Amino acid sequence: MIILGIETSCDETALCLIEFKGENIDNGEYKVLANIVNSQIDIHKEYGGVFPMLAKREHTRNLPIIYKQILTESDIDENKIDKIAVTTGPGLAPALWTGIVFAKELKEKLNIPIVPINHMEGHILSTIIPNTDKSDNFNKFNKIEFPALAVLISGGHTEIVLIKNIGEYQILGHTVDDAVGEAFDKVARMLNLPYPGGPQISKYAEMARLENFQSEFELPRPMIHSKDFNFSFSGLKTSVLYKLKEYTDKGIEINDRIIKNISLEFENSVTEVLIKKTNRAIDQNEIKSIIVGGGVIANKYIRNEFIKLSNSKNIRLHLPEKDITGDNALMIAISAFLNTKIPSNEDIIALGNLSLS
Ligand code: KG4
Ligand code: ZN
């Protein structure tokens, strides 16, 4: 079976073609035929974040171009495609609609079903493939033992999800304000670092660690002791703002040393809260495997701390390959294959706030 994956929920226009064999995670196999991600970061950079109507314009322009490219790259006749998997939410509604409209046009043309995919399920299942390369051979999926716990950390979401099986999700906790990636981006903006801020902050924090930097201050660990699995990162961002104000009030220029200090302390705080809550969720739910997905897991330090946690708990950890931590279409096509509970229906609409449970 060949599935076309389409992802346009934010600022990446992504399409892929994957061929699948078998029926499920145990006996299924996949082969990547083509995979393209077109990032709009350079266009949104000057606005300091994603500008929805600009994202819509770019997706609309790029979708037919990338579609032709994946057909050429895979050398597949479009009539061989069996299904279309498209992200229907959560995300920016104008951006989501572009993918949906494109999918519907193809559905009419090729007379094949559309499967609506939740972007966050995509991030969960992005961890299930051991490699993303185009190849002539089929690959098996990684084995995930259930119940699994997914920690989803992206620009729009921060969630801890209990997974009883593929398609059976229960959100145990989520951020009550900013998402982790959003907080990284906002702190970076305060420091006059370019969008997206996550990689910038992590670069400065890494430099600080390598230098064995001695911090002048610590930042708070919001909600670290709360009994629930919720998060709050907006106060942490405000603490950074006050710290910067303290310096500027004293006439001190925000130099590299201060940027390193803030980046290091911010990354430490976020990581400690994420690890602590994950640790507790593992204990309370007899978890057998951990999944961490979403753009923020590109962060080396956070990745390493999750590896340490899984080692200390003796639980297998599933992380996405480095090239699919961010938004991509592979995870969307894979979700359509593995989650057989999703009905393919006629009435597919964009759901900006779509939830996993
Ligand atoms: O999953 P994603 O690509 O898009 C959404 O679905 O939101 O996540 C994007 C987020 C951005 O906020 C970006 O700053 C963050 O992931 N990010 C990072 C790193 N790389 C990307 N955050 C921290 N450290 C990184 N190395
Ligand atoms: Zn995402």
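Every value quoted in this text rests on a predicted model; they were computed, and no experiment measured them.

## Comments concerning the overall build of the protein
Okay, step 1: When you go through the protein residue by residue, the secondary structure sums to ten helices and eleven strands.
Okay, step 2: Taking 21 Å as the expected radius of gyration for a compact globule of 357 residues, we find that the protein reaches 21 Å, a close match to that expectation.
Okay, step 3: If one aligns the C-alpha atoms of the protein with their principal axes, the spans along those axes are about 65 × 45 × 35 Å.
Okay, step 4: The buried share of the protein, reckoned over its 357 residues, is 56%.
Okay, step 5: Taking all contacts inside the protein whose residues are at least 6 apart in sequence as the whole, residues at least 24 apart take part in 75%.
Okay, step 6: Taken together, the 39 basic and 47 acidic charged side chains of the protein have centroids lying 3 Å from each other.

## Comments concerning helix α5 (residues 180-190)
Okay, step 1: For α5, the full list of buried residues reads V180, G181, A183, F184, D185, V187 and A188.
Okay, step 2: Each element contacted by the buried residues of α5 is listed here: β7 (148-153), β8 (158-165), α6 (197-210), α7 (234-249), α8 (256-285) and α9 (300-313).
Okay, step 3: After α5 finishes, the residue N192 shows a positive phi value of roughly 60°.

## Focus: the packing of α5 against α8
The description of two helices packed together rests on the angle between their axes and the distance between the axes.
Okay, step 1: Look at α5 against α8: their axes get within 11 Å of each other, and the N-to-C directions meet at 170°. Taken together, α5 and α8 sit at an angle that is classed as roughly antiparallel. Packed against α5, whose contacting residues are V180, A183, F184 and V187, the element α8 presents I262, F266, E267, V270 and L274 at the interface.
Okay, step 2: By residue class, the composition of the contact of α5 with α8 is eight nonpolar, no polar and one charged.

## Here's the deal with the side chain of E267
Okay, step 1: Within the secondary structure layout, E267 lies in helix α8.
Okay, step 2: Side chain to side chain, E267 and N299 meet in a polar contact 2.8 Å long.

## A word on the side chain of N261
Okay, step 1: Tracing the sequence through the fold places N261 in helix α8.
Okay, step 2: In this structure the side chain of N261 is engaged in a polar contact, spanning 3.1 Å, whose partner is the side chain of S215.

## Quick word on helix α3 (residues 93-110)
Okay, step 1: With 18 residues, α3 extends 25 Å from end C-alpha to end C-alpha; this agrees with the ideal 26 Å at 1.5 Å per step.
Okay, step 2: Within α3, the full set of buried residues consists of A95, L96, T98, G99, I100, F102, A103, L106, K107 and L110.
Okay, step 3: In this structure, the buried residues of α3 make contact with β1 (2-7), β2 (12-21), α2 (52-74), β4 (83-89) and β5 (114-118).
Okay, step 4: Where α3 ends, the next residue or the one after it, N111, has phi of about 55°, a positive value.

## A look at the sheet that holds β2
Okay, step 1: Taking strand neighbours across the sheet as the criterion, the six strands line up as β5-β4-β1-β2-β3-β6 in an open arrangement whose pairing is mixed. The open sheet is flanked by β5 and β6 (139-140), the only strands paired with a single partner.
Okay, step 2: Bridge count for β4 against β5 is five bridges, and the pairing is parallel. Residue pairing in the sheet places A85 in a bridge with V115 of β5.
Okay, step 3: Against the sheet, α2 touches β1, β2 and β3 (29-39), its axis set at about 35° to β2.
Okay, step 4: Sheet strands touched by helix α10 (residues 330-338): β1, β2, β3, β4 and β5. Its angle to β2, the strand with the most contacts, is close to 40°.

## A short note on the coordination of the zinc ion (ligand 2)
Okay, step 1: Protein coordination at the zinc ion (ligand 2): the donors are H119 (NE2), H123 (NE2) and D327 (OD), at 2.0 to 2.1 Å from the metal.
Okay, step 2: All donors of the zinc ion (ligand 2) come from a single chain, and their spacing in sequence reads H-x3-H-x203-D. Pair noted here: H119 is in helix α4 (residues 119-125) and D327 is in the loop between β11 (316-318) and α10, with a separation of 208 residues, a long-range link. Like H119, the residue D327 is buried in the burial classification.

## Thoughts on a nonpolar patch on the surface
Okay, step 1: Together, W97, V101, I349 and L351 give the surface a local cluster of nonpolar side chains, amounting to about 320 Å² of exposed area.
Okay, step 2: Note that W97 resides in helix α3.

## A short note on the sheet that holds β8
Okay, step 1: An order of β9-β8-β7-β10-β11 is seen for the five strands of this open sheet, with the pairing classed as mixed. Each end of this open sheet is capped by a strand with a single partner; those strands are β9 (168-174) and β11. Between one strand axis and the next, the sheet turns through 25° on average, direction left out of account.
Okay, step 2: Alignment of β8 against β9, held across six bridges, turns out to be antiparallel. Opposite L162, over in β9, you have Q170 as the bridge partner.
Okay, step 3: Strand contacts of α9: β7, β10 (289-293) and β11, with the helix running at about 155° to β11, the strand carrying the most contacts.

Reading the values: the criteria
Residues numbered from 1 in each chain as written. Chains lettered and ligands numbered in written order. Predicted model: local features only at pLDDT ≥ 70, side-chain atom pairs only at ≥ 80, totals over all residues. Heavy atoms only, no water. Helix = DSSP H or I, 4+ residues; strand = E, 2+ residues; numbered from the N terminus. Rg over C-alpha atoms; globule rule 2.2 N^0.38 Å. Buried < 20%, exposed > 50% of the residue type's maximum accessible area, 1.4 Å probe, protein only. Contact = heavy atoms within 4.5 Å. Lys, Arg positive; Asp, Glu negative; His and termini not counted. Charge placed at Lys NZ, Arg CZ, Asp CG, Glu CD. Axes fitted to C-alpha atoms, helices over the stretch in contact; angles between N-to-C directions. Parallel < 35°, antiparallel > 145°, perpendicular 65-115°, else oblique. Nonpolar A, V, L, I, M, F, W, Y, C, P; charged D, E, K, R; others polar. Polar contact = N/O pair within 3.5 Å; in protein donor to acceptor, adjacent residues only side chain to side chain. Expected span 1.5 Å × (residues − 1). Pairing = 2+ DSSP bridges. Donors = N, O, S within 2.8 Å, 3.2 Å for Na, K, Ca; no water. Patch = residues over 30% accessible without salt bridge, like charges linked within 9 Å, V, L, I, M, F, W, Y side chains within 5 Å. Areas by Shrake-Rupley, 256 points an atom, 1.4 Å probe, with all protein chains shown as cover. Salt bridge = Lys/Arg side-chain N within 4 Å of Asp/Glu carboxyl O.

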